[in-house]
Amino acid sequence: MLKKGNKLYSILTGSCPRCHQESMYIDPNPYHLGSLFKMYTRCAHCNTKYKIEPSFFYGAMYVSYAVGIAFAVAVFVIAFLIIGIGLLNTFIAIVVTMVVFLPFIIRLSRNIWINIFIKYDPATARID
Ligand SMILES: [Zn+2]
């Protein structure tokens, strides 16, 4: 089960990597594109600063390449190898998937990136 305290919880929900109590994002829905990159400066619960240094989230771009490739490979396996819709249709399916999932991939990459640097700390998760 996906619970607070598991790194995946913070990565998949976009919650604070240290306490898992608050969302890092002002608008939790990545498909509201106007606020895709809008994040709180600090966690309202444990006061963790999300942007560790000024260009911190540029590093998330490298993560997004890896996540994007993982999505492309998954679509290739499903569309080409399992369903067998042919190479051209598979290519189209990959492009469509990338466009549709891009906001999600961008958020996911930021969540993975920050979770590499900030560890879960159960002491901060206590309700006080
Ligand atoms: Zn927190």
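No experiment lies behind these values; they were computed from the predicted model shown.

Novice: Mind laying out the overall build of the protein, listing which residues take part and the relevant values?
Specialist: In terms of helices and strands, the protein carries four helices and zero strands. Overall size of the protein, expressed as C-alpha extent along the three principal axes, is 55 × 30 × 25 Å. The buried share of the protein, taken over its 128 residues, is 37%. Restricting to contacts in the protein with at least 6 residues of sequence separation, those with at least 24 account for 61%. As displayed, the protein has an accessible area near 7,900 Å², and 69% of this comes from carbon and sulfur atoms. Looking at charge distribution, the protein has the averaged site of its 12 positive side-chain charges lying 4 Å from that of its 5 negative ones.

Novice: Tell me about the coordination of the zinc ion, and name the residues and values.
Specialist: Around the zinc ion, the donor atoms from the protein are Cys16 (SG), Cys19 (SG), Cys43 (SG) and Cys46 (SG), and they sit 2.2 to 2.3 Å away. Each of the four donor atoms around the zinc ion contributes to a set of angles spanning 104 to 112°, which defines the coordination as tetrahedral. Site description for the zinc ion: donor spacing in sequence, C-x2-C-x23-C-x2-C. Separated by 24 residues along the polypeptide, cysteine 19 in the loop between helix H1 (7-13) and helix H2 (60-83) and cysteine 43 in the loop between H1 and H2 bring together distant segments of the chain.

Novice: Any chance you could break down H2 for me, citing the residues and the numbers?
Specialist: Given a rise of 1.5 Å per residue, 24 residues ought to cover 34 Å, and the 32 Å separating the end C-alpha atoms of H2 matches this to within 8%. Turning to H2, its buried residues number three or more, namely Ala60, Val63, Val67, Gly68, Ala72, Val75 and Ala79. The inward-facing, buried residues of H2 contact helix H3 (87-117). Just beyond H2, the residue with positive phi is glycine 84, at close to 75°.

Novice: Summarise unusual backbone geometry; cite the residues concerned and give the values.
Specialist: Of note, histidine 20 is a non-glycine position whose phi angle comes to about 60°, a positive value. Counting through the fold element by element, histidine 20 comes out in the loop between H1 and H2. Positive phi outside glycine occurs at asparagine 47, with the angle close to 65°. Tracing the chain through its elements places asparagine 47 in the loop between H1 and H2. Residue asparagine 47 is classed as partly exposed on the basis of its relative accessible area, which comes to 48%.

Novice: I'd love a proper account of the nonpolar core, names of residues and values included.
Specialist: Of all hydrophobic cores here, the largest spans 19 residues; its most connected members are Cys16, Met24, Cys43, Tyr50, Phe57, Trp113 and Ile114. For this core, the secondary-structure elements that each account for two or more residues are H2 and H3. Looking at which element gives the most residues to this core, the answer is H3, with four residues. If sequence neighbours within four positions are ignored, tryptophan 113 has contacts with Phe56, Phe57, Gly59, Ala60 and Val63.

Novice: Describe the packing of H2 against H3, with residues and values.
Specialist: Running from N to C, H2 and H3 point in directions that differ by 145°, and their axes come no closer than 8 Å. Here H2 and H3 pass one another in a crossing that is right-handed. Taken together, the residues that form the contact of H2 with H3 break down as 19 nonpolar, five polar and one charged.

Novice: Run through the environment of isoleucine 78, naming residues and quoting values.
Specialist: In this fold, isoleucine 78 is placed in helix H2. On the basis of relative accessible area, isoleucine 78 is assigned to the partly exposed category, the value being 46%. It is 8.9 Å that separates the C-alpha atoms of isoleucine 78 and threonine 90, two residues lying twelve residues apart in sequence.

Rules used throughout
- Residues numbered from 1 in each chain as written.
- Predicted model: local features only at pLDDT ≥ 70, side-chain atom pairs only at ≥ 80, totals over all residues.
- Heavy atoms only, no water.
- Helix = DSSP H or I, 4+ residues; strand = E, 2+ residues; numbered from the N terminus.
- Buried < 20%, exposed > 50% of the residue type's maximum accessible area, 1.4 Å probe, protein only.
- Contact = heavy atoms within 4.5 Å.
- Areas by Shrake-Rupley, 256 points an atom, 1.4 Å probe, with all protein chains shown as cover.
- Lys, Arg positive; Asp, Glu negative; His and termini not counted.
- Charge placed at Lys NZ, Arg CZ, Asp CG, Glu CD.
- Donors = N, O, S within 2.8 Å, 3.2 Å for Na, K, Ca; no water.
- Tetrahedral: all angles 85-135°; square planar, octahedral: opposite > 155°, others 65-115°.
- Expected span 1.5 Å × (residues − 1).
- Core = buried A, V, L, I, M, F, W, Y, C linked by side-chain atoms within 4.5 Å.
- Axes fitted to C-alpha atoms, helices over the stretch in contact; angles between N-to-C directions.
- Left-handed = near helix turned anticlockwise from the far one by under 90°.
- Nonpolar A, V, L, I, M, F, W, Y, C, P; charged D, E, K, R; others polar.

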